[in-house]
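Each chain, letter by letter, is given below.
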Amino acid sequence: MNKVLIMNILFDFISMQDTFINGGTEYTKVIFNSLLQQADTTIFGLYDRKEIIPEALKSTIESNKILLIDIHEDINSFIQLNSIDIVYIAIGQRYAFYDLSSIPCKIYLTIHDVGDLSQLYDGMINSKERYTFERLYVASPKLKSQLKMRLQRQYHKLFKQKVVKNAYRNIQKLAKQENVFLITVSEYTKYALLYFFDGIQNEIKMFAPPHKAIPQNPPAHIENPKLKKLVEQQKKYFLLLNCTRRNKNAALFFEQWEKFLSCTRSDYITLACGNITCGGKNVEVIPFLSDSDLEIAYKNAFALVYPSISEGYGYPPMEAMKYGTPVVCSNVTSLPEVYQDSVIAFSPFYPEDLFRALILCSQKHEDYKKKSLTAFTRLMKKQENDLQALIRYILDA
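Keep in mind that what you see is a predicted model, and the values were worked out from it rather than measured.

K.L.:
What is the right way to look at the side chain of glutamate 311 in this model?
P.N.:
Relative to the elements of secondary structure, glutamate 311 occurs in the loop between β11 (303–306) and α12 (316–321). Given a relative accessible area of 8%, glutamate 311 falls into the buried group. Engagement of the side chain of glutamate 311 in a polar contact is seen with the side chain of lysine 248, the distance being 2.5 Å.

K.L.:
Could you clarify how one ought to interpret the pattern of salt bridges in this entry?
P.N.:
It is possible for side chains bearing opposite charge to pair when their charged atoms get close. One pass over the structure, following the stated rule, counts 13 salt bridges. Between lysine 322 and glutamate 319 there is a salt bridge; the shortest N-O distance is 3.1 Å. Each of Glu295, Glu319 and Lys322 takes part in one network of salt bridges that share partners.

K.L.:
Sorry if this is basic, but what is going on with the sheet that holds strand β10 (residues 283–286) here?
P.N.:
Hydrogen bonds between backbone groups are what pair the strands of a sheet, and the pairing can be parallel or antiparallel. Spatially, the 6 strands line up as an open sheet ordered β10-β9-β8-β11-β12-β13, and their pairing is parallel. Two strands lie at the open edges of the sheet, namely β10 and β13 (344–346), each paired on one side alone. For this sheet, the mean angle separating the axes of adjacent strands, direction not counted, is 20°. As paired strands, strand β9 (residues 269–273) and β10 are joined by 4 bridges and run parallel to one another. Across the sheet, residue cysteine 273 finds its bridge partner in β10, namely isoleucine 286. Sitting on the sheet, helix α9 (residues 225–232) touches β8 (237–240), β9 and β10, and the angle it makes with β10 is about 140°. This element, helix α10 (residues 250–264), spans β8, β9, β10, β11 and β13 of the sheet and lies at about 165° to β8.

K.L.:
How do you make sense of the packing of aromatic side chains when you look at a structure like this?
P.N.:
Two measures describe an aromatic ring pair: the distance that separates the ring centres and the angle between the ring planes. Counted according to the given criterion, the structure contains 21 aromatic pairs. With a centroid separation of 5.2 Å and 70° between ring planes, the pair formed by tyrosine 108 and tyrosine 393 is classed as edge-to-face. Placement of tyrosine 108 in strand β5 (residues 106–110) and of tyrosine 393 in helix α15 (residues 365–395) is noted, with a sequence separation of 285 residues between them. Each of the two residues, tyrosine 108 as well as tyrosine 393, counts as buried. An aromatic cluster of three or more residues is present, and its members are Phe238, Phe253, Phe254, Trp257, Phe260, Tyr268 and Phe302.

K.L.:
Is there a simple way to explain the environment of glutamine 201 in this structure?
P.N.:
Of note, glutamine 201 is situated in the loop between α8 (187–196) and β7 (205–206). Assessed through its relative accessible area of 43%, glutamine 201 is described here as partly exposed. With residues near it in sequence (within four places) discarded, glutamine 201 still touches Ala175, Lys176, Gln177 and Glu178.

Conventions we followed
- Residues numbered from 1 in each chain as written.
- Predicted model: local features only at pLDDT ≥ 70, side-chain atom pairs only at ≥ 80, totals over all residues.
- Heavy atoms only, no water.
- Helix = DSSP H or I, 4+ residues; strand = E, 2+ residues; numbered from the N terminus.
- Buried < 20%, exposed > 50% of the residue type's maximum accessible area, 1.4 Å probe, protein only.
- Polar contact = N/O pair within 3.5 Å; in protein donor to acceptor, adjacent residues only side chain to side chain.
- Salt bridge = Lys/Arg side-chain N within 4 Å of Asp/Glu carboxyl O.
- Pairing = 2+ DSSP bridges.
- Axes fitted to C-alpha atoms, helices over the stretch in contact; angles between N-to-C directions.
- Contact = heavy atoms within 4.5 Å.
- Phe/Tyr/Trp six-rings, centres within 6.5 Å; stacked < 30°, edge-to-face > 60°.

Keep in mind these numbers describe shape, not what the thing actually does.
See the structure below:
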């Protein structure tokens, strides 16, 4: 009788210690749960004692009796003692300030994007005009003053390039090692890694990231009063997410918004999520949406607008598409590769092009509802197949 070999995996729990909603953490959870279900694996956890462990993760650790190692302790001794076969890291940037180069076993390192590196060289994003532009439309209350915005720009000019390059130093060092295997989520990021990282030893594998679990019964209760009012009154609203993050580029949207309202003579509303001080006509600002409210916001939106300037994959358009919600989407980095002709694409650097895209959305709304549903089916199939392929790739180590 053949003996069943058990693979011991030291899994990245640090990427599940985030307390806010983000695509990378959702990705990590799906990979973790898939590996946990494998009969021939034992999972160990790599965590950071200096960060909070969410209650749901604590419960999973206790119920599955997972043995943990703190990243500040002697990882190599833990690896040797527990016969660890591979270390799996789900979000490479979470380990930017840790030196893992002495780990003796195989390391599977996932990098979703290198947006920080690409934005260092983009004069349009970091120009004086751009900072002024953002201050007018989407500055948070803490950054509203012109003085603070100037200081932020000077920080980028004098220090941020050095900070970002230093942050990637450990990751680039790892990528050159023979025992390190890079995984990414799009062709765009694969070639960006080849562009920015020298001396990568092994082939970079690309697997479309798995979709998070789809609610079987979307919640009926709406927590946020502004969202509840919009839904109950059946208002046509454009959904704009993560407005405080610079790479999400919300300022471009607000630059053209009132022009769009005037041209269409409509009562469309913008539902902007993020801690911003933007006023303007027909704009509702919500600092934060819970998981359940976000699903409701996707489902009831007239369209999702996604003007991002940098993505490794880009989850939100697909989140909206599962409800047949049309998507008006930036045409740079990974986004055209992933979403193809299923979205109304525009340049994220020209407000007049977004203006054109919004008008097209208002004119051909039903057509793009159908395209969204078709695209979601296509993307889900690829993600399911790629998840199985990724798990096989890890277990074949």
